[in-house]
Amino acid sequence: MTETRTLPTRYVTHPGELKTSSGRSLRTDEMIINMGPQHPSTHGVLRLEVVLDGEIVVDVIPHIGYLHRCFEKHAEHMTNYQQVIPYCDRMDYLSSMNNDWAYALAVERMMKIEVPPRVETIRVIMAELQRIASHLIAVGTYGIDMGAFTPFLWAFRDRERILDLFEMTCGARLLYNYIWIGGLSHDLPPGFVDKAKAFCTYFKPNIKELNDLLSYNEIFVKRTANVGVLPADVGINYGVSGPTLRGSGVNWDLRRDDPYGIYDKFEWEVQVGKGERGTLGDCWDRYIVRVREMEESVKIIEQALAVLPEGNVQAAIPKRIRPDSAEIYVRTETARGELGFYVVSDGTASPYRLKARAPAFVNLSVLPEISRGCMLADLVAIVGSVDIVLGEVDR
Amino acid sequence: MTAEEIYKSLSAKFGEALVESKLDAPQPFLVLDPKRMKEVSLFLRDDEALQFDFCSCVSGVDYNNGKLGAIYHLASMVHKHKIVLKAFCTRENPHIQSVASVWGGADWHEREAYDLLGIIFDEHPDLRRILLPYDWEGYPLRKDYKVPEFYNGMKVPY
Amino acid sequence: MYELLHDLLGDSLLVYVIGAALPLLFVLPFAVVAVLLEMKVSAHMQDRVAYMYTGWHGVLQPVADILKLLQKEDTVPAAADKFLFRLAPFLVFMGGYAGFAALPFSSAYIGSNIDLGVFYILAVSSLAVIGLMMSGWASNNKWSLFGAMRSVAQIISYEIPSALSILVAVMIVGSLNLQEVSKFQEGGIQNWIVFGGPMPLLQKLLLLPFTITAFFILFLAGIAEVNRTPFDLPEAESELVQGYNTEYSGMKFAIFYLAEFANMFLVSGIVVSLYLGGWTSPFGDVMSGPIWSFFWFVAKGMFFVFLQVWIRWTLPRLRVDQLMYTSWKVLTPFLFVCIFAVGLILVL
Amino acid sequence: MDLFTIVFYFLAIITLGAGAVVVFSRNIIHAAFALLFAFFGVAGLYVLLMADFIAITQLMIYVGGILVLVLFGVMLTSQVLDVQMKSGTIQTFPAVLVVSALAGTLVGIFWSTPWKTTAAAPMEVTAAKIGEMLLTSYLLPFEIASVVLLAALIGAALIARREKNA
């Protein structure tokens with residue numbers, strides 16, 4: 001596989017001055033163009049200041065903060081720890097369940113709360129369903145970025161099923177506020193297990209369908225392979241995480257490597273990019289890791305549904321959560337990578353300082369590094385393959 | 001490697017740069033001299049036995065006693081150990097040496113800490129505001145921050 | 001057709017005006033149908049149903065859309081070059097519409113029965129190129145300019161394969177007149193040029209691989225010339241925010257849209273006339289005659305329009321360099337081989 | 001006035017008017033785009049002269065090729081996004097001299113030529129004839145022209161590719 005690998009595409013730019021054979025200089029202008037904040041392929045309100053030489057990107061300067069909602073400031077002003085959860089929902093609004101879990105986990109670890117086994121299992125089911133839903137959007141919108149509209153709507157069709165499951169669980173379709181400190185807001189509704197199982201059987205063939213339509217489509221591969229190559233060492237140095245890092249072949253998944261929940265009880269594999277269609281760590285690798293992770297998530301969900309224990313869905317926690325003066329950093333694996341919460345408590349009922357380490361924020365910071373020397377259309381491919389959610393980048 | 005061993009190998013090399021340490025906490029941390037962040041970080045990253053290649057998070061904290069801190073959560077993907085570094089400075093003189101050249105990921109985190117808490121990271125390649133508008137005044141996450149009534153002459157409605 | 005008009009009205013300007021407006025009778029309803037087709041086909045491909053409320057299964061929705069576009073405010077960007085901005089959509093439409101003059105709709109009707117039919121269509125389509133460039137530049141928007149530059153480069157590049165693949169058919173027939181090309185293929189499906197034309201069996205079999213190649217390339221190049229997926233880079237929504245027509249709204253946008261659909265049919269019409277027997281019936285003399293021939297031409301044309309829609313909602317988009325690569329390094333060399341081989345076969 | 005005359009004057013006005021814009025417009029882009037109408041008018045005149053092949057070739061080559069090239073040239077110059085790109089007048093005196101000399105010659109020829117006026121010839125199929133002649137009587141010039149063009153093509157490709165080696 002590695003022998004036939006072609007080199008990543010890097011175009012020769014000639015910014016500034018060109019010399020003709022007779023020694024006269026030809027001045028060429030670079031064009032500075034604003035991609036966003038309102039642009040179809042920036043996935044929200046991201047503004048990229050792009051320096052272009054013709055169609056070739058000389059430099060990219062991301063400007064973020066258009067969706068800054070002062071999450072951390074808000075958190076400091078809550079009257080108790082529970083109130084932060086709805087705000088966590090709104091950070092990465094495509095994988096709210098994962099956000100809630102990360103925050104709940106941080107507080108639980110700080111207060112040394114043990115949650116009942118049923119809660120752990122349900123949390124895994126929810127988080128993995130959410131991961132599928134989130135990856136579906138990532139994959140679908142990536143199709144749009146590449147000009148294929150149909151995969152997007154197919155992905156949305158399947159995501160609707162997941163949202164239906166969430167809706168019957170907690171009444172909300174986007175921002176669930178379901179995972180609470182010490183447990184869940186309420187138990188699963190009757191019939192959920194059957195419906196979730198039905199979803200798994202329904203969904204598995206659809207991944208194959210998606211692969212046929214998009215993943216292995218010749219044009220799609222041509223557009224994404226060898227584009228925006230992120231070498232593993234650069235990725236690690238920049239703190240990139242999640243599928244974006246795994247696309248570079250780094251076998252690193254916090255569900256396995258920094259265990260939380262009960263992921264160790266299930267059989268599943270960490271999917272990494274292998275450089276099948278081009279250089280290791282290109283856009284296609286990042287994309288296909290997401291597709292394969294959906295399959296793994298289905299596996300986890302099926303196993304978790306099979307072993308779902310009966311029991312309480314709320315641990316015995318004090319009425320008012322007042323952790324002792326302490327601090328903790330807890331990281332979990334969301335659909336986008338390492339979501340960490342650094343919570344500093346001063347013994348009062350609200351966090352003294354809450355810092356969210358958003359995976360998309362960090363993943364985005366590597367963008368200029370990997371997109372220099374590509375073409376304008378490749379920049380769209382790269383932004384899409386990094387899979388950012390601006391709600392999380394800006395918090 | 002346990003926190004104990006990490007502390008030992010660091011203190012052997014950078015005796016005075018280690019200001020303080022707390023190794024029995026659930027997440028043990030070392031307090032470093034804010035002016036010598038970079039050399040310690042380089043050692044932490046490049047030493048064979050340590051290999052802290054992954055800078056998870058940089059958080060700025062205002063301790064409300066005139067003290068600001070930057071907290072670095074480091075992890076090693078190779079050895080799977082973790083450590084927390086802390087560096088403190090005062091509100092009057094909020095300077096900490098940047099580690100953006102050591103871990104690329106620290107770049108934006110430090111910008112954010114500068115943006116929201118006003119910690120100035122020396123030697124940072126591009127220390128600009130990141131989340132707030134470039135013409136914003138003040139550092140909102142400082143505990144003594146007063147929400148402005150006007151922004152650019154516009155009344156802030158609430 | 002003109003004889004009839006001449007007899008009715010005499011030799012006056014009115015004859016020519018009516019003659020020139022005749023294809024509009026086809027293009028306008030076609031655009032409405034094509035919009036509906038595009039929406040419905042795409043919807044069913046994507047597990048949706050598209051609009052359902054305006055009329056039976058939403059068939060009146062395109063009409064409503066047109067009425068809406070007519071009423072919309074006609075905005076012109078403040079910093080735009082206003083004259084050129086207003087002129088551009090009409091040029092683009094003219095480029096496509098002028099081509100209809102040489103399209104043989106039926107054995108009894110062709111707008112202008114000139115001997116240089118295909119050549120003429122190729123020539124007037126360059127008008128649209130200028131129109132696109134004008135619109136991109138006059139919008140005073142970097143994205144639009146980008147789109148315009150791309151589209152011009154693309155259309156000019158793809159004119160070469162399309163002209164060459166037209167040449168293959170023209171060499172076989174020996175005429176540039178599309179009406180004659182269609183007549184040449186009369187007598188059933190086996191006489192279509194894509195299957196080697198009405199030649200002796202051996203020659204036909206020899207020609208077959210080359211005509212089929214040229215046919216596919218002509219269709220591909222045609223899609224590229226009307227800027228549709230996978231060659232829709234000029235208006236690549238996710239990159240260039242609709243490219244050259246970003247700043248257009250209301251009626252002017254509608255005219256761009258109309259031009260796109262007119263071009264879709266024009267391209268299909270060329271493909272059909274040159275390679276698929278034009279207005280001839282696939283069953284020889286059965287179901288032929290002026291009315292039937294009109295039916296066959298439109299039916300075949302609509303099939304290719306449907307194909308374009310199908311492709312659009314299936315494939316992703318190419319990148320600029322890949323697009324140029326396809327044109328210059330894949331399609332054009334293939335066609336050189338085709339032309340050479342076809343010439344050789346015809347001479348021998 | 002019959003239809004032919006009306007159309008002739010219409011086309012003549014388009015051609016001359018567009019030509020005037022090309023020369024006198026202070027906006028280079030407008031000048032370049034006005035060329036389109038000038039070329040179009042000329043093509044129309046060819047049609048009136050029953051020279052359909054030349055008319056279409058005129059469109060193909062001048063509008064589809066040369067005008068695009070001119071526009072690209074104009075747009076690739078600096079300050080392309082500045083709508084107010086202007087053209088100026090320099091060296092008025094020599095220009096006047098040359099132009100008046102040229103104009104004088106043209107007008108002189110115009111007056112001194114005995115113009116033959118005949119009724120319009122019926123439309124003839126010229127394309128086939130032109131093709132035949134190009135491949136029989138005029139084969140040599142035709143081939144020389146194609147060789148020259150090929151050389152130009154290769155040269156252009158070579159110049160365009162040189163950047164990468166340097």
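Preceding block: the structure.
Residues numbered from 1 in each chain as written. Chains lettered and ligands numbered in written order. Predicted model: local features only at pLDDT ≥ 70, side-chain atom pairs only at ≥ 80, totals over all residues. Heavy atoms only, no water.

Engineer: Just checking my understanding: could you explain the overall build of chain D for this structure?
Structural biologist: Looking only at helices and strands, chain D features six helices and zero strands. The helix and strand sequence of chain D, counted from the amino end, reads α-α-α-α-α-α. The burial tally for chain D puts 20% of its 166 residues in the buried class. Pairs at least 24 residues apart make up 60% of the contacts formed inside chain D by residues separated by at least 6 positions. With the model as given, the accessible surface of chain D reaches about 11,700 Å², and the carbon-plus-sulfur share is 76%. (Helix = DSSP H or I, 4+ residues; strand = E, 2+ residues; numbered from the N terminus. Buried < 20%, exposed > 50% of the residue type's maximum accessible area, 1.4 Å probe, protein only. Contact = heavy atoms within 4.5 Å. Areas by Shrake-Rupley, 256 points an atom, 1.4 Å probe, with all protein chains shown as cover.)

Engineer: Explanation requested: the sheet that holds strand 10 (residues 353–357) of chain A in the structure shown.
Structural biologist: The strands making up a sheet associate through hydrogen bonds between their backbones, and the pairing can be parallel or antiparallel. All names here are of chain A. Strand order in the open sheet formed by three strands is 8-9-10, and the pairing between neighbours is antiparallel. Of all strands in the sheet, those bounded by a partner on one side alone are strand 8 (326–334) and strand 10. Strand after strand, the sheet turns through a mean of 10° between neighbouring axes, direction not considered. Each of strand 8, strand 9 (337–345) and strand 10 is contacted by helix 3 (residues 96–111), which is oriented at about 150° to strand 8, the strand it contacts most. (Pairing = 2+ DSSP bridges. Axes fitted to C-alpha atoms, helices over the stretch in contact; angles between N-to-C directions.)

Engineer: I'm lost on empty space enclosed by the protein in this one. Help?
Structural biologist: Space left empty within the atom packing is revealed by a probe, the size of a water molecule, rolled over the atoms. With the rule as written, the count across this model stands at four cavities of 30 Å³ or more. In this model, the largest cavity occupies a volume close to 360 Å³. Ser125(C), Glu225(C), Val226(C), Asn263(C) and Val267(C) are, among the 26 residues lining the largest cavity, the residues nearest its centre. By volume, the second largest cavity is sized at about 60 Å³. Looking at the second largest cavity, the residues that line it are Leu136(A), Trp154(A), Ala155(A), Arg157(A), Asp158(A), Phe203(A), Asn206(A), Ile207(A), Glu209(A), Leu210(A) and Met294(A). (1 Å grid on protein atoms, 1.4 Å probe; cavity = no way out; pocket = protein on both sides within 12 Å on 5 of 7 lines; lining within 4 Å. Points joined across faces, edges and corners; volume = space filled by probe spheres on them.)

Engineer: Looking at this model, I keep getting lost on the pairing of strand 4 (residues 67–75) of chain B. Mind explaining?
Structural biologist: Each regular strand displays side chains that alternate between the two surfaces of the sheet. Residues and elements named next belong to chain B. Burial of strand 4 is extensive: eight of the nine residues sit out of reach of the surface. Pairing of strand 3 (residues 54–62) with strand 4 involves eight bridges; the strand directions are antiparallel. Across the sheet, the residue bridging to Gly60 is Ala70, located in strand 4. Counting the residues that bridge the hairpin from strand 3 to strand 4 gives four residues, and of these Asn64 lies at a positive phi of roughly 65°.

Engineer: Please explain the interface of chain A and chain B as it appears in this structure.
Structural biologist: Across the boundary between the two partners, chain A contributes 38 residues, which contact 42 residues of chain B. Overall, the association of chain A and chain B removes approximately 3,300 Å² of surface from exposure, summing both partners, and the carbon and sulfur fraction of that is 57%. Among the residues chain A hides against chain B, the three largest losses belong to Asn237(A), Tyr329(A) and Tyr352(A). Together they make up 17% of the total. The salt bridge involving Lys86(B) is made with Glu327(A); its shortest N-O contact spans 2.5 Å. Between the two partners, chain A and chain B, sit 22 residue pairs in polar contact (both at pLDDT 80 or more). When residues of the side of chain A that touches chain B are traced back to their parent elements, those giving at least two are strand 5 (56–63), helix 1 (71–76), helix 8 (232–237), strand 8, strand 9, strand 10, helix 12 (359–364) and helix 15 (390–394) of chain A. Ranked by the residues each element gives to the side of chain A that touches chain B, the list is headed by strand 8 of chain A, at four residues. Looking at side-chain class alone, the side of chain A that touches chain B contains 18 nonpolar, seven polar and 13 charged residues. (Buried area = accessible area lost by both parts, 1.4 Å probe. Salt bridge = Lys/Arg side-chain N within 4 Å of Asp/Glu carboxyl O. Polar contact = N/O pair within 3.5 Å; in protein donor to acceptor, adjacent residues only side chain to side chain. Nonpolar A, V, L, I, M, F, W, Y, C, P; charged D, E, K, R; others polar.)

Engineer: Help me understand the interface of chain A and chain C, please; the structure alone is not making it clear to me.
Structural biologist: Reports often express the size of an interface as the amount of accessible area lost when the parts come together. Every contact between the two is made by 35 residues of chain A and, on the other side, 25 residues of chain C. The junction of chain A with chain C conceals about 2,600 Å² of combined surface from both sides, 62% of it contributed by carbon and sulfur atoms. Counting across the chain A and chain C interface gives two salt bridges. Where chain A meets chain C, there are eight residue pairs in polar contact (both at pLDDT 80 or more). For the side of chain A that touches chain C, the elements supplying multiple residues, two or more each, are strand 3 (31–35), helix 4 (117–145), helix 5 (150–170), helix 6 (192–215), helix 7 (218–224) and helix 14 (376–386) of chain A. The element contributing the most residues to the side of chain A that touches chain C is strand 3 of chain A, with five residues.

Engineer: What's the story with the packing of aromatic side chains in this structure? I'm lost.
Structural biologist: Residue and element names in this part refer to chain C. Applying the stated criterion across every chain yields a total of 49 aromatic pairs over all chains. For the pair Phe100 and Phe105, a centre-to-centre distance of 6.2 Å together with 15° between the ring planes defines the contact as stacked. Judged on exposure class, the residue Phe100 and its partner Phe105 are both buried. Taking the centre distance of 5.6 Å and the plane angle of 35° together, the rings of Phe253 and Tyr257 count as tilted. (Phe/Tyr/Trp six-rings, centres within 6.5 Å; stacked < 30°, edge-to-face > 60°.)

Engineer: Could you clarify how one ought to interpret the pattern of salt bridges in this entry?
Structural biologist: Side chains carrying opposite charge are able to pair once their charged atoms draw close together. Residue and element names in this part refer to chain A. Applying the stated criterion to the full structure yields 49 salt bridges over all chains. Close ionic contact of Glu310 with Arg118 constitutes a salt bridge, the shortest N to O distance being 3.9 Å. One end of the pair, Glu310, is in the loop between helix 11 (283–307) and strand 8; the other, Arg118, is in helix 4, with 192 residues separating them in the sequence. A residue is classified by how much of its surface remains accessible, and Glu310, at 69% relative accessible area, is exposed.

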